Amino acid sequence: MIDWHSLGALHLVLLHVPIGLFVGVLALELALSREKHQEAHDDAIGILLPLCLLTSILTVRFGYALGETDYDWDAIADHRNAGYVFLGALTLALFSFWWSRWRPNMWSGGVYAISLVASLIALILTGHFGGVITHGEDALTDALPEFMKTKPSATTGGGDTPDGVVSGSEPANPYMDEAYAILEKSCIECHGLDKRKGGYRLDVPRLARVGGESNKPGIVSGEPDASELIHRIMLPRDAEGAMPPNKKPALPSEQIDMLRLWIETGAPFPGEENKAEAKLDPEIVKQLEALRELGWATDFTPWSSSKVLVNLSQAELPDWKLCHAKLLPLSSKLVWLNAANQVWPPEFYTDLKDFPQLQRLHLEHSNVTDADLVQLASFKQLNYLNLASTKVTLSGLKTALTLPALTELFIHNLDLKPKDLKQIRVEHPNVAIIGQSTQEVNKPKEK
Ligand code: HEC
């Protein structure tokens, strides 16, 4: 079996062969008149043309493999299509050449001439679009003398010199949006709030820089080669720790370049221009870091740099006594607690009252019961409560629905009678009671 993907790069070498052969065919057609040198003409073209077609087919096959692994498939569509047209026209040229040898007449000669011209045009277009992929839009105009350029020479294209270094009141980093879009598309599903694979998060700038379990800095501003993120995406695909993991497609090389440029030029994240990070209370930052070292996900909430969220749902069951002691100093800041997926000791539910600022509480897949929910009565701010897949019954839900600020209640997989469910929905029109099935969302009614 041929491993086409690893040979894809050959495309860039091989492509010169059919071009050379094709130019040879054209040159012979122009220089060697068929009337005078019939035999030499037919023999030479009879060899060059099939060779040209053969090497073109190979080049296209390698190009296909290269495009699949290393490029954005849509971005190379023009080049690819023009390449196919060239292959088609060239095939027609070969067959009409054979036809014209067998039956020399106006028809066969005409088709042959037309298909040669079509091949030439397709070849020029293929080369042009190919150049755009490797050298950028301005490749052609950049080569023209100054007075022939239609637009002012842009600084795109080359891209080797990071001329976008943020200084003073410079506009945002020119690579930021694109770089962040790459992370969002390929990485954050595994390195975000919900899944923090390898203890690493990319959705929060500070954590993206700090790094994960390897204890190596994830992003070192200005130094791509010292950044674990770059190291991981540049590892060979089959190496352990290569990112994204090798069942996912590799990042195309131009995306890797983009991430490098972004880090070289300071690696700012969207929304950082206002320096929100600088305003963080260093005392809380320190406390959060200490909690992270215990294996818990902690962070500032997305909407405020003084409110804190703690996620205890992913670690193994934490020692609640220790947790409680560590969380108490944060009690006025803790607004978001994810305590899902755990079998908590009974004290957990009574101790929750020490965090009266809670606005959002995840208890799905936990051992919470109707009796435990009575402890929640003191929460004046709680607006989100998730009780999905627990033993809570109708009576527990009724308790929960007495929370004054509640607007969202999640009840997937609870054992409820449809009649009772309907009843509580009617009684609490301002609470979105969400669940039973994910599709079945009860939107709060308009008043
Ligand atoms: C399918 C899930 C998945 C995706 C997608 C993914 N990763 Fe990972 N990542 C992991 C896992 C699992 C680990 C932990 C194992 C390891 O360190 O190799 C990890 C670890 C890491 C680490 C090391 C953290 C540390 O300090 O230990 C970095 C850096 C990283 N990933 C970057 C990325 C980048 C950049 C992307 C996007 C291009 C990405 N990951 C996409 C699953 C994923």
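Quantities reported herein were computed from a predicted structural model and do not represent experimental measurements.

So, how was this worked out
Residues numbered from 1 in each chain as written. Predicted model: local features only at pLDDT ≥ 70, side-chain atom pairs only at ≥ 80, totals over all residues. Helix = DSSP H or I, 4+ residues; strand = E, 2+ residues; numbered from the N terminus. Contact = placed C-beta atoms within 7 Å. Buried ≥ 20, exposed ≤ 12 C-beta atoms within 10 Å, placed from the backbone. Near = placed C-beta within 6 Å. Nonpolar A, V, L, I, M, F, W, Y, C, P; charged D, E, K, R; others polar. pLDDT = per-residue confidence, 0-100. Core = buried A, V, L, I, M, F, W, Y, C linked by C-beta atoms within 7 Å. UniProt positions renumbered as here; feature names shortened; annotations may be inferred. Axes fitted to C-alpha atoms, helices over the stretch in contact; angles between N-to-C directions. Parallel < 35°, antiparallel > 145°, perpendicular 65-115°, else oblique. Left-handed = near helix turned anticlockwise from the far one by under 90°.

Counting secondary structure elements, the protein contains 17 helices and 8 strands. Within the protein, contacts between residues at least 6 apart in sequence are counted, and of these 55% link residues at least 24 apart.

Quick look at the environment of valine 343 now. On the secondary structure map, valine 343 appears in the loop between β3 (334–338) and α14 (346–351). According to the C-beta neighbour criterion, valine 343 is exposed, with 9 such atoms within 10 Å. Placed 24 residues apart in sequence, valine 343 and asparagine 367 show a C-alpha to C-alpha distance of 5.2 Å.

With respect to spatial proximity, 24 residues lie near the ligand, and among them Cys187, Cys190, Gly198, Gly212 and Ser214 are the closest. Residue contributions to the shell around the ligand peak at 4 residues, all from helix α10 (residues 228–234). Here the shell around the ligand is composed, by residue class, of 9 nonpolar, 8 polar and 7 charged.

Here the focus is the environment of leucine 207. Position of leucine 207 among the secondary structure elements: in helix α9 (residues 205–210). We classify leucine 207 as buried; it has 23 C-beta atoms within 10 Å.

Quick look at the confidence of the model for the protein now. Across the protein, pLDDT averages 82, with 84% of residues at or above 70. Confidence drops under a pLDDT of 50 for residues 147–171, and excluding neighbours within four residues, the segment shows 28 contacts in the predicted structure. Counting interchain partners and residues more than four positions distant, the pLDDT-below-50 stretch residues 274–278 has 5 contacts.

Let us look at the nonpolar core. In this structure, Val310, Leu334, Leu337, Leu358, Leu382, Leu387 and Ala400 are the most contacted members of the largest nonpolar core, which totals 42 residues. The leading source of residues in this core is β3, at 4 residues. Residues within four places of leucine 334 in sequence aside, it is in contact with Val308, Val310, Leu327, Phe355, Gln357 and Leu358. Judged by nonpolar contacts, the second largest core, of 22 residues, contains Tyr175, Cys187, Leu229 and Ile233.

Here we take up the UniProt feature "transmembrane region" (unreviewed entry) in the protein. Under the local residue numbering, the UniProt record ascribes the feature "transmembrane region" (unreviewed entry) to residues 12–32, 44–62, 82–99 and 111–133. The distance from the first to the last C-alpha atom of residues 82–99 is 26 Å, and the span holds 100% helix and 0% strand. Helix makes up 100% of residues 111–133 and strand 0%. Its end C-alpha atoms lie 33 Å apart.

A packed helix pair is summarised by two numbers, namely the angle formed by the two axes and the spacing between the axes. Contact geometry of helix α8 (residues 176–186) with helix α11 (residues 253–264) gives a least axis separation of 9 Å together with a crossing angle of 125°. Classed by the angle they form, the pair α8 and α11 counts as oblique. In this structure, the crossing between α8 and α11 has a hand that is left-handed. For the pair α8 and α11, contact is made by Met176, Glu178, Ala179 and Ile182 and by Gln255, Met258, Leu259 and Trp262, respectively. Per-class residue counts for the contact of α8 with α11 are 6 nonpolar, 1 polar and 1 charged.

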